[in-house]
Amino acid sequence: MAEILWCDRGYYKISIQKWLEGDEKFSALGISDSQELKDVREWISNNAQDYSIGWVHYDSDVQIKKYTFLEELTINLGEGETFKKFYNSLRDIEAKYDKLPLPIIQEIGNQASSEGSIDFGGISQSVNIYGSLNESMPPDVSKERQIDYIFTEFINDIKSLNGDMSFLFIIGFGKKSFNGLSNDFNQWFLHFFCRRMALLENIKICILNQGNADEFKDFSDYDQNIPEYLEFNDIVEETKIYMESSNQNHIHFCKGMIDPINDGVRYSEFKRKLLPYIREFGASVS
């Protein structure tokens, strides 16, 4: 039996489908529930048939390197076969690091005095290796410092495929949301990544933020915050889809799901209880 994709949320599904078919570059959704964030990503992937899709998801307790963020976006898109200039830029930086010479200075008795005789017995030879800061910089640090070069090549690859491929990047930020990430990454993402992506013809960006979508208002005409709780009428309609061929009273099931204090049910709780219910009493999940 297949998994249920994105329970309820009919209004938001229609809105996103409209965005996928339109000209606007950015969409941003604020989502409270980590399970729903995952389901939204999968639903969009299944309903964006005209796009080549790359996606990343980061929780706020990790440090994100900008070049690895770009690299992850290419994983489902052919990596080096599609993003040739981008991967060449990464290899170029690695090759320069591998070939860096480190000068060796050998000193023997450099503190010897001309006064009296010099006893060479028991002298040891020390080897001092000197290198500049750039010469000793690990490749990942060098890549991060040369992110402008790497990002430019990433964009050049997308430009070169205009007319051949249309890209959809789905970018998720979980736990404490986008605001929980480092200021360095946040500033780069908003003021460089998003602004430069907006200039490209063959790309759309969908941001899924576990929190709210307010920080993306400058880029998105489709920024919406999905309510934390599902309402009774909505879950009745969702449950009915799977229970029409059954004699079970799904209305009674739905009433039992509602928290009277909040007049609704959290997304993850509804989905967790819905799936075993329809497996036992309802039609096949498709």
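Basis of the calculations
Residues numbered from 1 in each chain as written. Predicted model: local features only at pLDDT ≥ 70, side-chain atom pairs only at ≥ 80, totals over all residues. Heavy atoms only, no water. Salt bridge = Lys/Arg side-chain N within 4 Å of Asp/Glu carboxyl O. Helix = DSSP H or I, 4+ residues; strand = E, 2+ residues; numbered from the N terminus. Buried < 20%, exposed > 50% of the residue type's maximum accessible area, 1.4 Å probe, protein only. Expected span 1.5 Å × (residues − 1). Bend = angle between axes of the 7 residues up to and from the residue. Contact = heavy atoms within 4.5 Å.

## Description of the pattern of salt bridges
Next, step 1: Going through the model one piece at a time under the given rule, you end up with 11 salt bridges.
Next, step 2: In this structure, Lys 66 engages Glu 144 in a salt bridge whose closest nitrogen and oxygen atoms are separated by 3.5 Å. Residue Lys 66 is found in helix α3 (residues 66–73), and its partner Glu 144 is found in helix α5 (residues 139–145); the two are separated by 78 residues along the sequence. Both residues of the pair, Lys 66 and Glu 144, count as buried.
Next, step 3: Among the charged side chains, a network of salt bridges with common partners joins Lys 66, Glu 144 and Asp 184.

## Topic: helix α7 (residues 183–197)
Next, step 1: With 15 residues, α7 ought to run about 21 Å at 1.5 Å a step, and its terminal C-alpha atoms sit 20 Å apart, in line with that.
Next, step 2: Of all the bends in α7, the greatest, near 35 degrees, is centred on Phe 189.
Next, step 3: Of the positions making up α7, those classed as buried are Phe 185, Asn 186, Trp 188, Phe 189, Leu 190, Phe 193, Cys 194 and Met 197.
Next, step 4: Each element contacted by the buried residues of α7 is listed here: β1 (26–30), α3, α6 (147–160), β5 (167–174) and β6 (203–209).

Bear in mind that shape data such as this cannot, by itself, settle questions of function.
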